[in-house]
Amino acid sequence: METYSDISKQDLIPPTKSDQICRWLPNELRWPFILFLFLLTLGLGALVLGLTLLSERENGIGADQKTSIFLFGWRFTPTLIAVIYTLLIMAMVNAIKRTEVFARLSRPEPACAASTIFYKPRIFWFDTYDSLKKNGNNGHRNWALFWASLINFFGLLIISPFSAALLSPQQVFVTRDTTFSRINPYLSAPLNLTTDDSIFFRTISSILENTTTSAWLSNEYAVLPFWPSDSDIPLGAVLSDRKEQWTADTTVYQAALNCQVMELKGFSNFSYNETHNFTNKTTWSVTNMTTFIIGSEDGCTLGFATYVATYKSGTIWASGGGWWSGAPDYSYPLLWAPGNGTYQGLNSTNPLMLNTTKECGNRSMFLLTTPYNYNQSFQAQGHICETNYYQGNVPVTVDNGGSSSSFDFDKKLYARTRTAVDTKKWDVSSFETAFLSQNWSSKFQPPDTSGNPTLPVRPQIGGPLILVGAQNEFDLIAMINNPNLGAQAQQVKQRFLGEAMQSIFENTGQTQSSMVRGRSAVSERRVVVSLIIGALLSVVFFWSALMIVLVAWHTRLRRRPLNLVRSPASVSAVASMVAPEPSTRALFEGLDRSSEEAMLRALNGYHFSLRGGVLYTHDLRSVEQKPGYEVNTQLSSGDWRPKVLQIGFLLGLVSFLLALLAAIAVLFAKYRYQGIYQNFLVFSVNIKMDNTSLEALAPYSIIPTLIAVGIKLWWSTIDQTFRRLQPYLSLARAQKKEPGLSKLSYINSPLGWAALKASKHRHWLLAFIAGCAVLSEIFTVGMSALWDRNPGSRSHFQVVTRSMELRTVPSFFSVLPPPGHGYGQSTDTQNAKGTLSNVFGNLLTGWMYSSIIEGTYNSTPSPWTNDDWAFVPIDFSKVPNVAANLSPSSNSTAVGAANNITVNTPAIRGRLECTPIDMSNTSAWLTTLDFTNKTAWNDANIPTDLKKAYELKLGLALNQSLPNSKYQKWNYWSDSSPYFSFFSEMDRLICCANDTGTLADPGEASIGFWSPPGDSEHGGIVVKWLTGHPYRVQFNDSTDSSHRQSTGTGYLSHYHWVWKDIPKVTALNCTPIFETSSASVTLDLSTSTVQNHTILTPPTPDPAAWTYNFVSLNVSRGVPYSTSLYTGSGYQITPGVYVHNISVSYGYLFHDALLGAANSGMTGSNAMQIDQAENLDDRTFNFRLPGLNVDFPSYTALNLVNGDRSALLDANRLGNVSSEVFSMFFKHFVHGEVKGNNGLFINGTWGLQPLHAAIPDDLGPTMVYNTLTTNASYLQNSFNISTTPPETTAIITTRIEQLNLSPAAVILCLFILTILVLTTVIIFVSLRISGGLNILPRDVETLGSVIGFVYASERLLALSSDKAAFANGGSGEIAKMGWFESDGRKRWGVEIMDETQLQRGRAGSTLGSLWKGRGYTSVQGSEDTLR
């Protein structure tokens, strides 16, 4: 041994005494393993990246097939691969850590014992820090360990846990390349945007009801339709009944209205002298006029002058109003026609003078004025507007939700790319003319309410401005002060444009379309790769691959020499390092059973190095520092056992495993079927990028995996400790022959092989521990798949409040008395007409529009309605946020409502029971005309070859029916007063022929109106459907003018609407039935849209529908009431003006409103019967189209049979469809909003009333024909208030994302946890009852500790120096650890016994005597065996 004084720094490297080639490397650091690990890491990174990109492109990597094999494939495989990968990484890291001591010994300069032979690597989370720390490492950094530790960190803390959340099932849109058809509007001719009643109706209903007739239209844009080429063209409100998306390039149209406000510039009264020239004289008069001027900032000025309010009635000053019209004169003749611009041109027919300045140009204008009287303020305002029409091709995405459809596109891109429409392809002028036409007034024609001062007087508004007025409830002051009035006007024009284009699309359809490529997306539950986790894992894998290259670089022997001939793991291998060097062995003299701390103190000042597989020592102490030689035989003191095997740690492990086992078992027992849904368990961390929400972290899968990784690392520490100790424990306890123990090592054995190897050597405890290490890896896989995130639902009870109930209180109206002069109809008829004047006076009669929209355009049903039922709504305003503590699904692709509520509530419906009416006797309803009589017929429009044709009578005249028919008793229903009329009233039909035919060969036309039968005017319905071939023009007969009626447009006018052949007609006599029941209704909590319903009790007729049939009554007790007949009856509200009150139940009201709507404009007119034709100017609640003249119910019925006119000629089909239509209109009527006024007292809706409502207790007595009888009754005295409870219980169901426990994963985890607990208990018991680890004086974790057991083992040293013997396994040597003598000294360590002597000694002596026979001394305890 060299001393400090004998050597210099240049002599620190000792001469090599071994000729052995030192090329040994652990398998885990050799090129095959490193290359395989590199390629595997690179491949996994590429795989994850590829799957992530594939998932993003295809919206998932595959459909969720919900099979066990498929579930295992996507749920277990990522974690299984991650576990295997981390095992390979840990093997590489452990190899570096195991060989670190030899790398330090192999450096050029020796190092102290503490940093070399007594070097202990710490737990893995210190590796990175330790690798960079120069202190304690002879001033070096361990770059191999640094890069390897980073890879290990990535594997344990990122790859293992995050791989569990890499894949998840989600409801997503799967996109595919799709061929679409797209309408080509310019294919055959320029776009001619004509209009008809349907276009006006669709525009009105869309604006007023905030509904859409087509998903391709909105109030801002119109989209050129496209659709999958393998399907029919969809144009309605719902484009597809599947949840899917379509995306393609198409054209978007927009009408941009740029308006400037025209403020009131001046207002004054003036007079002018008017000259009147007569034959004999000339006179002069003074005419008073009122004028105002409005102007815009750009110089456009409008001058307006007309008679003052006191001069002529009907002026704009009386009611206020306005209109929307175009250049050049900006007039609206239908309301007030202007004169010729001079005073002489003013008269009652032309009461206006208008003039404008040139700055107004060719723009349109709408203006508003308030009513004016002297000494009152006056307001007026105008808007001068320029319309620009744009089109632009952009990608448009259509989102079909199954029950609704909508479109979206990049508005900013459209604004950049749009261009003005080509006027050569668009007839813009015709469209402007149609938009500003006077047809709007006919679609908004109010009933005549001027005679009833209790009813509100509507301002006179014309043109499309009437629709803007309806949006503002015709409040002129509010309209003038409305800053959004221009925007509302633009919405009207854009919607009208879209509806006009939609009409063309319906006509052209698929015959005028072209192909376009796009993408479609269908909602599907698929396995999706998390973008964030996929990107994270890809980066980690690629970085790890790079770091593996760095590890390979730093672990090559030329950069990190180990100077090892063989694996240093066994006792023999350690002995071979010190066998050639006595000076090294001499340092350990007397340290056999010393603690490592004592050994370090004894070796203080000595440095060590490894050359050629031999351990050398260098004494760098000074002579003064060297103590005298003394053998240290003191036993190790203190508890040297590794902490993981101490009682506290083992008890902690058992407690944690038991707690985890119990938690999983309890969760499985409680949530096996319903899952866990609390937000704090199910939530995921989302990252939003470019308006796209990315689900980044899902703790429910990551946290269990992290727990499993922690348990795996904990158990791995126990496993590694027992692997290290087991050979020495076996040597210390050996009793039977067990050759090869001196070469036995488990350190380098893979997991499964270690268990098998331990079983082979009957090291059962280690076999169990190593087997559990394998199970801990499987446990990690199981824990990663413990939870599945699936869609689910949760329900809970909630008390809700009732605020409404079915109507039993009638509606109360103030109506005018019947007219005088003996021309009045019956009192109840006059009362009905007065009532309907109030009903139709509100143009926001929403139930009429919403009904036809649902039946015709397939829109979403109104809230609280489903099928043919209407349900009493429940107040949900006080329902708490039901999803606050849940995990509501935020996935927009999920089908159905997020929160449903189920509640029992009353239900009501209306239906029809119909029987056919015999129409076989054509003479009862048809007149045959003989056109061969040229004296009677000489009209030039009559085709020359026409000999016989037909004319409809008013209706069915039963007095001409066959004898003994069931109608025979009603034979007084004559031609002039038929049993039913073909029109809704007793008016002559004159519309509408089919313009596609010729004058000589007319096309087919259809007529459909509902009207009351003669024997049940307020309780019955006659449904008619008639088809035939009427001529386009009316034929005039030859009756001379002296015999013609001077007034009237009916049959006495001698104009005839003639049919070429006998029309086909089907008529049904229908009885309305209103039924109530109790229903269980499930609704979308946010929209109150009914999802489904169940009728709980048999429907029964509702007597409240027919209780009050226009019952007259005094307004209140104590109010003077006049009983004069006809005019003057009722109570006087203004001098000479009398009204009286009536009460009417909802059944009568709905019946009369539904049947009277088609002629609503004439509702308030004088009830005298006169000969007249249908009023073609009233198109508010009917459709008059080429070849079609129908009311709203008939139009809806026609659309329900897909436009098949012949289908409605079948009595059964017509009856079924009519009942469906009746139900549809009634359910919307029930929920129809209504506002009371001075002529109407009502609370609630038409069919619902506030809970516990009652008839006012101050009503006066009922009247009979406006006369108070002696036995008059009071309605309130016989009325019973309902006892419906104000509260009820509802069930709220929330669609959630929940965690479901996988039974297979639970069973696997519970089984493994049980095995781990039992094995831990076995470890604890084994260490307690077998002496534990105390048989060893110290741990064998360091090289110096092992050398202390072999430095004096002569036979073991000799054997380890014999290459041939070592290579052949030692020829069956038997080694033992215990006391023995060597060189006359008592030793404690590992030594080999001679086999021959061992067998000879077995004949009569113990194993201890054999040791004596070899010159060794046996001591007590040397014969301990492993039990």
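Residues numbered from 1 in each chain as written. Predicted model: local features only at pLDDT ≥ 70, side-chain atom pairs only at ≥ 80, totals over all residues. Heavy atoms only, no water.

Enquirer: Is there a simple way to explain the nonpolar core in this structure?
Expert: If you look at soluble globular proteins, the nonpolar side chains tend to sit buried side by side. M92, I117, I1323 and L1336 are the most contacted members of the largest nonpolar core, which totals 135 residues. The leading source of residues in this core is helix α3 (residues 77–105), at 13 residues. Sequence-distant contacts of M92, that is, excluding residues within four places in its chain, are made with E28, L29, F33, I34, L37, A148, I151 and V551. Core analysis: the second largest hydrophobic core is formed by 131 residues, L193, L476, L836 and I908 among them. (Core = buried A, V, L, I, M, F, W, Y, C linked by side-chain atoms within 4.5 Å. Buried < 20%, exposed > 50% of the residue type's maximum accessible area, 1.4 Å probe, protein only. Helix = DSSP H or I, 4+ residues; strand = E, 2+ residues; numbered from the N terminus. Contact = heavy atoms within 4.5 Å.)

Enquirer: Even after reading the chapter, I still don't get a nonpolar patch on the surface, so can you show me in this structure?
Expert: A cluster of nonpolar residues, L42, L49, L53 and F542, forms a patch on the protein surface that exposes about 320 Å² of accessible area. The element best represented in the nonpolar patch is helix α1 (residues 31–58), accounting for three residues. Mapped onto the elements of the fold, L49 is located in helix α1. (Patch = residues over 30% accessible without salt bridge, like charges linked within 9 Å, V, L, I, M, F, W, Y side chains within 5 Å. Areas by Shrake-Rupley, 256 points an atom, 1.4 Å probe, with all protein chains shown as cover. Salt bridge = Lys/Arg side-chain N within 4 Å of Asp/Glu carboxyl O.)

Enquirer: Explain the sheet that holds strand β37 (residues 1058–1059) to me, please; I cannot follow it from the model alone.
Expert: Sheet strands associate in pairs through backbone hydrogen bonding, adopting either a parallel or an antiparallel arrangement. Read from one edge to the other, the open sheet built from three strands follows the order β28-β29-β37, with strand pairing classed as antiparallel. Looking along the sheet, the strands with just one partner apiece sit at the ends: β28 (926–930) and β37. The sheet contact formed by β28 and strand β29 (residues 948–952) spans five bridges and is antiparallel. Bridge pairing links T928 to Y950 in β29. (Pairing = 2+ DSSP bridges.)

Enquirer: Even after reading the chapter, I still don't get the pairing of strand β13 (residues 405–409), so can you show me in this structure?
Expert: It is a general feature of regular strands that their side chains alternate between the two faces of the sheet. Covered by surrounding structure in β13 are S405, F407 and F409 only, the residues S406 and D408 on the alternate face being uncovered. Relative to β13, strand β12 (residues 380–401) is paired through five bridges, and the arrangement is antiparallel. Its bridge partner being in β13, T397 is matched across the sheet by D408. The loop that links β12 with its antiparallel partner β13 comprises three residues; one of these, G402, has a positive phi angle of about 95 degrees.

Enquirer: In this structure, what is going on with unusual backbone geometry? I would like to understand it.
Expert: The amide bond that connects A327 to the next residue, P328, takes the cis arrangement and shows omega of 10 degrees. Its location among the elements puts P328 in the loop between β9 (321–325) and β10 (352–356). Of note, the amide linkage connecting C991 to C992 takes the cis form, showing an omega dihedral of 10 degrees. Here C992 lies in the loop between β31 (980–981) and β32 (1005–1008). Residues other than glycine seldom take positive phi values, yet N210 does so here, at roughly 55 degrees. By the element assignment, N210 lies in the loop between α6 (197–209) and β4 (222–223). Phi angles above zero are rare outside glycine, and F1110 is one such case at about 55 degrees. As for its placement among the helices and strands, F1110 is situated in the loop between β40 (1100–1101) and β41 (1111–1113).

Enquirer: Just to check I follow, could you spell out the packing of aromatic side chains for this structure?
Expert: The description of an aromatic ring pair uses the distance of the two centres, along with the angle that the planes make with each other. Taken as a whole, this structure holds 63 aromatic pairs when the rule is applied. Geometrically, the ring pair formed by Y372 and F378 is edge-to-face, given 6.0 Å between the ring centres and 85 degrees between the ring planes. Comparing Y372 with F378 shows no difference in burial state: the two are buried. Pairing W847 with F1229 gives two aromatic rings, centres 5.1 Å apart and planes at 80 degrees, and the pair type is edge-to-face. In this pair, W847 is assigned in helix α24 (residues 846–857) and F1229 in helix α27 (residues 1211–1230), connecting sequence segments 382 residues apart. Neither W847 nor F1229 differs from the other in exposure class; each is buried. Ring-pair connections join several aromatic residues into one group, and the members of that group are W847, F1074, W1106, F1110, Y1146, Y1148, F1150, F1222, F1226, F1229 and W1246. The cationic tip of K411 hangs over the ring face of F409; the distance from NZ or CZ to the ring centre is 4.7 Å. The aromatic ring of Y390 is capped on one face by R418, whose charged end is 3.8 Å from the ring centroid. (Phe/Tyr/Trp six-rings, centres within 6.5 Å; stacked < 30°, edge-to-face > 60°. Lys NZ or Arg CZ within 6 Å of the ring centre and 35° of its normal.)

Enquirer: Which parts of the structure should I look at to understand the pattern of salt bridges?
Expert: Pairing is possible between side chains of opposite charge, provided their charged atoms come close. Under the criterion given, the structure shown has 29 salt bridges. The salt bridge partner of R1184 is E1174, with a shortest N-O separation of 2.7 Å. In this pair, R1184 is assigned in strand β45 (residues 1182–1185) and E1174 in the loop between α25 (1146–1156) and β45, connecting sequence segments ten residues apart. Each member of the pair, R1184 as well as E1174, is classed as buried. One connected set of salt bridges, linked through shared partners, spans D868, R909, R911, E913 and E1075.

Enquirer: What's the story with helix α9 (residues 428–435) in this structure? I'm lost.
Expert: Turning to α9, its buried residues number three or more, namely V428, F431, E432, A434 and F435. Looking straight down α9, one finds its buried side chains confined to an arc of 165 degrees; they lie on one side. With respect to the buried face of α9, the exposed residues turned more than 90 degrees away are S429 and T433. Of the surrounding secondary structure, the elements contacted by the buried residues of α9 are α6, β9, β12, α10 (439–443) and α13 (485–508). (Arc of directions from axis to C-beta.)

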